[in-house]
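Next come the chains, spelled out residue by residue.
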Amino acid sequence: GTMKAELYPKLAPKTVENFLKLIEEKFFDGLIFHRVIKGFMIQGGGYNAQFDHKEAPSIKGEFAANGWVQNDLKHTRGVLSMARTSDPDSASSQFFVMHQDAPHLDAQYAGFGKLTDGFDVLDAIASTPTGNYGWYMQDVPTTPIVIESVEIISE
């Protein structure tokens, strides 16, 4: 299925710039949604179906807890946000799409866009059966959910 989103460069300019650059490089094509938690979010942008990790350079985290106060985007259903480690400046290519509202993430992660279409696809992915991949990765779809392509559409 297809999900469409709008991006918010005024709230997170470097994050949007990085995401668009990765799209232009076809970075995401063939990667998977590797972490799926129904009622929370779906995460992708870092691994292929064989769990080979694909890396990209890190960017500064554009969210309030990291000193970037102009990003006031709430983590509501359909919001796109950057995944990261405990290091606030560790976001690179992995992103997540909120399945349901998660206010505890507000100001802690760099939200940078929101779905405008494809909520049925989001729901279908969020409902897929999951399990563990080794000892270190949980909530992995038992059947890979592959990102065929990510495209920029100007309207």
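Sequence order as written defines residue numbering, which begins from 1 separately in each chain. It should be noted that, the model being predicted, local features are given only for residues of pLDDT at least 70 and side-chain atom pairs only at 80 or more, the latter also being counted only at that level, while totals for whole chains, interfaces and linings use all residues. By convention in this description, side-chain values take in all heavy atoms of the structure and omit both hydrogens and water.

Okay, the packing of aromatic side chains next. Two rings from Phe, Tyr or Trp (for Trp, the six-membered ring) form a pair when their centres are within 6.5 Å of each other. A pair whose planes differ by under 30 degrees is stacked, one over 60 is edge-to-face, and the rest are tilted. Inspection of the entire model under this criterion finds nine aromatic pairs. On the basis of an interplanar angle of 45° and a centroid distance of 5.6 Å, the ring pair of tyrosine 47 and phenylalanine 51 is categorised as tilted. Residues phenylalanine 96 and tyrosine 109 carry aromatic rings whose centres are separated by 5.8 Å and whose planes lie at 80° to one another, so their mutual orientation is edge-to-face. Here the residue phenylalanine 96 occupies a position in strand 5 (residues 95-98), and tyrosine 109 occupies one in the loop between strand 5 and strand 6 (111-117), the gap between them amounting to 13 residues. Relative accessibility thresholds used throughout: buried, under 20% of the residue-type maximum; exposed, over 50%; partly exposed, between the two (1.4 Å probe, protein chains only). Judged by relative accessible area, tyrosine 109 falls into the partly exposed class, the value being 23%. A connected cluster of aromatic rings, assembled from ring pairs, spans Phe19, Phe27, Phe28, Phe33, Phe95 and Phe112. When the ring centre of phenylalanine 27 is taken as reference, the NZ or CZ atom of lysine 54 above it lies at 4.5 Å. The helix count covers DSSP runs of H or I at least four residues long, the strand count covers runs of E at least two residues long, and both are numbered beginning at the N terminus. The rule is short: NZ of Lys or CZ of Arg within 6 Å of the ring centre and within 35 degrees of the ring normal puts a charge over the ring.

Considered as a void within the structure, the largest pocket measures approximately 940 Å³ in volume. For the lining of the largest pocket, the elements supplying multiple residues, two or more each, are strand 1 (4-7), helix 1 (13-24), strand 5, strand 6 and helix 2 (119-126). The element best represented in the lining of the largest pocket is strand 1, accounting for four residues. Taken together, the residues that form the lining of the largest pocket break down as 19 nonpolar, five polar and five charged. Both site types are read off a 1 Å grid over the protein atoms alone. A 1.4 Å probe that fits but cannot get out defines a cavity, while an open set with protein on both sides within 12 Å along at least five of seven lines defines a pocket; lining residues have an atom within 4 Å of a point. Grid points are joined across faces, edges and corners, and a volume is the space filled by probe spheres set on the points. Volume-wise, the second largest pocket comes out at about 300 Å³. Around the second largest pocket, the lining comprises 15 residues; the ones closest to its centre are Gln43, Ala83, Arg84, Thr85 and Tyr109. Three residue categories are used. Nonpolar comprises Ala, Val, Leu, Ile, Met, Phe, Trp, Tyr, Cys and Pro, charged comprises Asp, Glu, Lys and Arg, and polar comprises the others, including Gly.

Turning to the side chain of serine 90, a few remarks are in order. By the secondary structure assignment, serine 90 is in the loop between strand 4 (79-82) and strand 5. Exposure remark for serine 90: the relative accessible area of 16% places this residue in the buried category. Whenever a nitrogen or oxygen atom comes within 3.5 Å of another N or O atom, the pair is scored as a polar contact, on the condition that within protein one atom can donate a hydrogen and the other can accept it, and that pairs from neighbouring residues in sequence are kept only if both atoms are in side chains. Within polar-contact distance, the side chain of serine 90 engages the backbone nitrogen of threonine 85 at 2.8 Å.

What follows deals with a nonpolar patch on the surface. A surface patch of nonpolar side chains, amounting to about 440 Å² of accessible area, comprises Tyr133, Trp135 and Tyr136. In this structure, tyrosine 136 sits in the loop between strand 7 (130-133) and strand 8 (137-141). Residue classification places tyrosine 136 among the partly exposed residues on the basis of a relative accessible area of 48%. Patch definition: residues above 30% relative accessible area lacking any salt bridge, with like charges linked at up to 9 Å and the nonpolar side chains Val, Leu, Ile, Met, Phe, Trp and Tyr linked at up to 5 Å. Note on areas: Shrake-Rupley with a 1.4 Å probe; residue coverage comes only from the protein chains shown. In what follows, salt bridge is the name for a side-chain nitrogen of Lys or Arg lying within 4 Å of a carboxyl oxygen of Asp or Glu.

A few words on helix 1. Take the residue count of a helix, subtract one, and multiply by 1.5 Å to get its expected span. Look at helix 1: 16 Å from first C-alpha to last across twelve residues, which is about the 16 Å you get at 1.5 Å a residue. Restricting attention to buried positions, one finds in helix 1 the residues Thr15, Val16, Asn18, Phe19, Leu22 and Ile23. Here the buried residues of helix 1 occupy an arc of 160° about the axis, which is enough to place them on one side. Here, two residues are considered to be in contact whenever any of their heavy atoms come within 4.5 Å of each other. Those residues of helix 1 hidden inside the fold are in contact with strand 1, strand 4, strand 5 and strand 6. When we speak of the arc, we mean the arc of directions from the helix axis to the C-beta atoms.

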